[in-house]
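Next come the chains, spelled out residue by residue.
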Amino acid sequence: MSPVSPSSLELTLAFGNRRAKVEHDPDRLAQQVRRAVPLRDLSPCRSSDHFLHRSAHVQASGLGITAAAHSPLHGANHAHNRAVFTLPTLGEKRFQIEGRSYRARAGHGALFLPGEPYTLETTTCSGVMFTICPRQLAAVAFAMAGPDARPFQPSERPLQFLESHPQQGKILSLMRRSLQLIDMGLLHGPTVLGQLGLEDKLQRLMALLIYPHLASHPALPRPGLGKREQTSFEALVEAIQQDPMGDWTLTRMERLACLSRLQLQHQFRVVFDSRPLQWLRHQRLCWARLQLDSSEPIALESMALRCGYKDLASFCRHFEEQFQIAPEDLLRRWNVSPG
């Protein structure tokens, strides 16, 4: 593999630059990695005097997300029960698995490794690595497909995804855009990632890559909804209205409504002329209006994050569109700063 200049390590990480940890000792780094996966070897391809590794990590429930940049290295690991999804932004990684070679190269795509033992060699590179239980991804896929589908089996083989593929390239682009929200979570606390729905969104995008037939799964295998599904959908709507600030994700909504992702989308369009998350946002804006009408309103930036908005400007714009009054105007009634 052709080398990449070590100066490339000065490039920004996908997230967490201000909190990125720098490691110059490969043995110490190997000890840290062994806490997550059964590592057999990790060492620099060149002199250890020039070894450099920068990384930032966030754990969003069952999904581990690491942004890293490092000097050329090689390594090997034992089989384990965590899948690795690697999305490079610079350089190249080459894996050897059961005599076959797999490459993850910046600008060309991503690679999913379900936990087999492998050997690894890299150039100077940077990117993002996700770690997750394959059974968890299979469960997310099953929720997206709906209760009438057959249970999904965890993927047991490496999978390569290409930027040049129309559907895969679109999903990989959505994953990169989602990563921009992680800095907000690092700044405001781990609960923000859940409020923004980031963990669920990334898992659903990975599920669409690993189980591509999900994208074309029939929306309505039978006319309308049966009595059981209609009752479950109404129960879901009532639950959200009673607790709009709860941990609501598309996957959880599908499970409670006993509907596939496309059935859920269709039913929300029929009943509310809205998408599920759009309707959830409306309920949360109603909650925000009640808070701002109370005698003890909270700061707008915190409120925007709790309502699932990535920035205050988007929250204020949608709030004013819905209620024809700016949230800061309501705050002025109580002489509270909007910051």
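Fair warning: this is a prediction, and the values are worked out from it, not measured in the lab. All chains use their own residue numbering, which begins from 1 and follows the written sequence. Totals for whole chains, interfaces and linings use all residues, but because this is a predicted model, local features are given only for residues with pLDDT of at least 70 and pairs of side-chain atoms are given and counted only at 80 or more. Here the side-chain values reflect all heavy atoms present in the structure, with hydrogen atoms and water set aside.

Q: I'd like a rundown of the packing of aromatic side chains, residues and numbers included.
A: The pairing test for Phe, Tyr and Trp rings, Trp by its six-membered ring, is centres within 6.5 Å, and the orientation test on the planes gives stacked under 30 degrees, edge-to-face over 60, and tilted for anything in between. For the structure shown, the criterion picks out 11 aromatic pairs. Look at Phe-319 and Phe-323: their rings are 4.8 Å apart centre to centre, the planes differ by 55°, and that puts the pair in the tilted class. Pair noted here: Phe-319 and Phe-323 are both in helix α12 (residues 312-323), with a separation of 4 residues, about one helical turn. Exposure categories follow from relative accessible area, calculated using a 1.4 Å probe and restricted to protein chains: below 20% of the type maximum is buried, above 50% is exposed, and the middle band is partly exposed. Overall, Phe-319 belongs to the buried group, its relative accessible area being 0%. Aromatic rings pair up to connect Phe-233, Phe-268, Phe-272 and Trp-279 into one cluster. Here Arg-252 stacks its cationic end above the ring of Trp-248, 3.9 Å away from the centre of that ring. In our convention, an over-ring charge means Lys NZ or Arg CZ found within 6 Å of a ring centre and within 35 degrees of that ring's normal. The lysine or arginine in question, Arg-289, covers the ring of Phe-323, its NZ or CZ lying 5.5 Å from the ring centre. Segments assigned H or I by DSSP are reported as helices when at least four residues long, segments assigned E as strands when at least two residues long, and all are numbered from the N terminus.

Q: Which residues make up the nonpolar core, and what are the values?
A: For our purposes a nonpolar core is just a set of buried Ala, Val, Leu, Ile, Met, Phe, Trp, Tyr and Cys residues, chained together by side-chain atoms within 4.5 Å. Membership of the largest hydrophobic core comes to 46 residues, with the highest contact counts inside it found for Ile-65, Phe-85, Phe-130, Met-175 and Leu-214. The element contributing the most residues to this core is helix α6 (residues 198-210), with 8 residues. Note on contacts: a residue pair qualifies if any of its non-hydrogen atoms lie within 4.5 Å across the two residues. In contact with Leu-214, not counting residues within four places along its chain, are Ala-141, Met-144, Ala-145, Phe-152, Ala-207, Leu-208 and Arg-261. Ala-288, Leu-300, Met-303 and Phe-319 belong to the second largest nonpolar core, which has 16 residues in total.

Q: Go over the pairing of strand β11 (residues 125-132), please, and point to the residues and values.
A: Most of β11 sits inside the fold, with 7 of its 8 residues counted as buried. Pairing of strand β4 (residues 63-70) with β11, which is carried by 7 bridges, proceeds in the antiparallel orientation. Paired with Thr-66 across the two strands is Met-129, which belongs to β11. For two strands to be treated as a pair, DSSP must find no fewer than two bridges joining them. Across 7 bridges, the pairing between strand β6 (residues 83-90) and β11 is antiparallel. Bridge pairing in β11 links Leu-90 to Ser-126.

Q: With reference to specific residues and values, describe the sheet that holds strand β2 (residues 39-44).
A: What links the strands of a sheet is backbone hydrogen bonding, and the strands pair in either a parallel or an antiparallel sense. Strand order in the open sheet made by the 5 strands is β2-β5-β10-β7-β8, with antiparallel pairing throughout. A single partner strand is all that each edge strand has here, and the edge strands are β2 and β8 (100-105). The sheet shows a mean angle of 15° between the axes of neighbouring strands, taken without regard to direction. Sheet topology note: the strand β7 (residues 92-97)/strand β10 (residues 118-122) ladder contains 4 bridges and is antiparallel. Here an axis means a line fitted to C-alpha atoms, over the contact stretch when the element is a helix, while the angle between two N-to-C directions is reported on a 0 to 180 degree scale.

Q: Hey, could you go over the sheet that holds strand β1 (residues 21-23) for me, with residue numbers and the actual values?
A: With respect to topology, 7 strands assemble into an open sheet ordered β1-β3-β4-β11-β6-β9-β12, the strand pairing being antiparallel. One side of each edge strand has no neighbouring strand; the edge strands of this open sheet are β1 and β12 (159-162). Strand-to-strand, the axes of this sheet are offset by a mean angle of 20°, without reference to chain direction. Taken together, the 8 bridges between strand β3 (residues 53-60) and β4 define a ladder with antiparallel strand orientation. Counted as the bridge partner of Val-58 is Ile-65 from β4. Packed onto the sheet, α6 meets β3, β4, β6, β9 (109-113), β11 and β12 and runs at close to 80° relative to β4.

Q: Talk me through the pattern of salt bridges; I want residue IDs and the actual numbers.
A: Any Lys or Arg side-chain nitrogen located within 4 Å of an Asp or Glu carboxyl oxygen qualifies as a salt bridge. For the coordinates displayed, the defined rule picks out 7 salt bridges. A salt bridge links Arg-28 to Glu-23; the nearest nitrogen and oxygen atoms lie 4.0 Å apart. Look at Arg-28 and you get partly exposed, because its relative accessible area is 47%. Looking at Glu-23, the relative accessible area reads 10%, which means it is buried. Across the salt bridge formed by Arg-228 and Glu-229, the nearest N and O atoms sit 3.3 Å from each other.

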